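# Overview (structure and organization)
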Amino acid sequence: MLILITYDVNTENADGKKRLRKVAKCCVNYGVRVQNSVFECIVDPAQCRVLKQKLLSEIDADVDSLRIYYLGDPQKAKTEHYGAKSAPEMDKPLLL
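Before going into details, it helps to say that this report is about the structure given with it. (Residues numbered from 1 in each chain as written. Predicted model: local features only at pLDDT ≥ 70, side-chain atom pairs only at ≥ 80, totals over all residues. Heavy atoms only, no water.)

### Here we look at a positive patch on the surface
A cluster of basic side chains, namely Lys 17, Lys 18, Arg 21 and Lys 22, defines a positive patch on the protein surface. Assignment of secondary structure puts Arg 21 in helix H1 (residues 14–28). Since its relative accessible area comes to 55%, Arg 21 is described here as exposed. (Patch = residues over 30% accessible without salt bridge, like charges linked within 9 Å, V, L, I, M, F, W, Y side chains within 5 Å. Areas by Shrake-Rupley, 256 points an atom, 1.4 Å probe, with all protein chains shown as cover. Salt bridge = Lys/Arg side-chain N within 4 Å of Asp/Glu carboxyl O. Lys, Arg positive; Asp, Glu negative; His and termini not counted. Charge placed at Lys NZ, Arg CZ, Asp CG, Glu CD. Helix = DSSP H or I, 4+ residues; strand = E, 2+ residues; numbered from the N terminus. Buried < 20%, exposed > 50% of the residue type's maximum accessible area, 1.4 Å probe, protein only.)

### Quick look at the packing of H1 against helix H2 (residues 45–58)
Two elements in contact, H1 and H2, have axes separated by 9 Å at closest approach and are oriented at 175°. Taken together, the axes of H1 and H2 are roughly antiparallel relative to one another. Residues Arg 19, Lys 22, Val 23, Cys 26 and Cys 27 of H1 pack against Leu 51, Lys 54, Leu 55 and Glu 58 of H2. Of the residues that constitute the contact of H1 with H2, the class distribution is five nonpolar, no polar and four charged. (Axes fitted to C-alpha atoms, helices over the stretch in contact; angles between N-to-C directions. Parallel < 35°, antiparallel > 145°, perpendicular 65-115°, else oblique. Contact = heavy atoms within 4.5 Å. Nonpolar A, V, L, I, M, F, W, Y, C, P; charged D, E, K, R; others polar.)

### Re the sheet that holds strand S3 (residues 38–42)
Across the sheet, which stays open at both edges, the five strands sit in the order S2-S3-S1-S4-S5 with antiparallel pairing between neighbours. Each edge of the sheet is formed by a strand with only one pairing partner; in this case those strands are strand S2 (31–35) and strand S5 (78–83). With strand direction ignored, the average angle separating the axes of adjacent strands in the sheet is 20°. Contacts between H1 and the sheet are confined to strand S1 (2–8), S2 and S3, with S1 contributing the most and set at about 170° to the helix. Those strands touched by H2 are S1, S3, strand S4 (65–71) and S5, and its axis lies near 165° from that of S4. (Pairing = 2+ DSSP bridges.)

### Considerations on the environment of Ile 59
With respect to the secondary-structure elements, Ile 59 resides in the loop between H2 and S4. Discounting residues that sit within four places of it in the chain, Ile 59 has contacts with Arg 19, Val 23, Asp 64, Leu 66 and Tyr 82.

### As for H1
For H1, spanning 15 residues, the distance from its first C-alpha to its last is 21 Å, which sits close to the expected 21 Å at 1.5 Å a residue. Listed in full, the buried residues belonging to H1 are Gly 16, Arg 19, Val 23, Ala 24, Cys 26 and Cys 27. End-on view of H1: buried residues confined to an arc of 155°, all on one side of the axis. In H1, the exposed positions that point more than 90 degrees away from the buried face belong to Ala 14, Arg 21 and Lys 25. On the buried face of H1, the contacting elements are S1, S2, S3 and H2. (Expected span 1.5 Å × (residues − 1). Arc of directions from axis to C-beta.)

### Some details on the nonpolar core
It is characteristic of soluble globular proteins that their nonpolar side chains tend to be buried jointly. In terms of nonpolar packing, the biggest core is built from 19 residues, with Ile 3, Ile 5, Tyr 7, Cys 41, Leu 51, Leu 55 and Leu 66 touching the most fellow members. Among the secondary structure elements, those contributing two or more residues to this core are S1, H1, S3, H2 and S4. Counting residues per element, this core draws most heavily on H1, which supplies four residues. Not counting residues up to four positions away in its chain, the partners in contact with Tyr 7 are Leu 20, Val 23, Ala 24, Cys 27, Arg 33, Asn 36, Ser 37, Phe 39, Ser 65 and Leu 66. (Core = buried A, V, L, I, M, F, W, Y, C linked by side-chain atoms within 4.5 Å.)

Shown next, in the form of structure tokens:
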């Protein structure tokens, strides 16, 4: 399966910079960097679960965010969000 991983790690302190390096290293082991904090990965379901678990153990959900986009089969396409900065629901009306 093709997944797209995006992350935003708060690097205002040394711990954040360390988390950023660890998250990037996890992603490099499974895919290709296409932008600074964006990776494309081709994984099987077991590898995907392991990668997600590793990433969730590295981020600080209070200040960091992680998004995983499952691409390919339109029937199985979905997005998972973890941590800070929740995204708007795209299927709902946008009120200004």
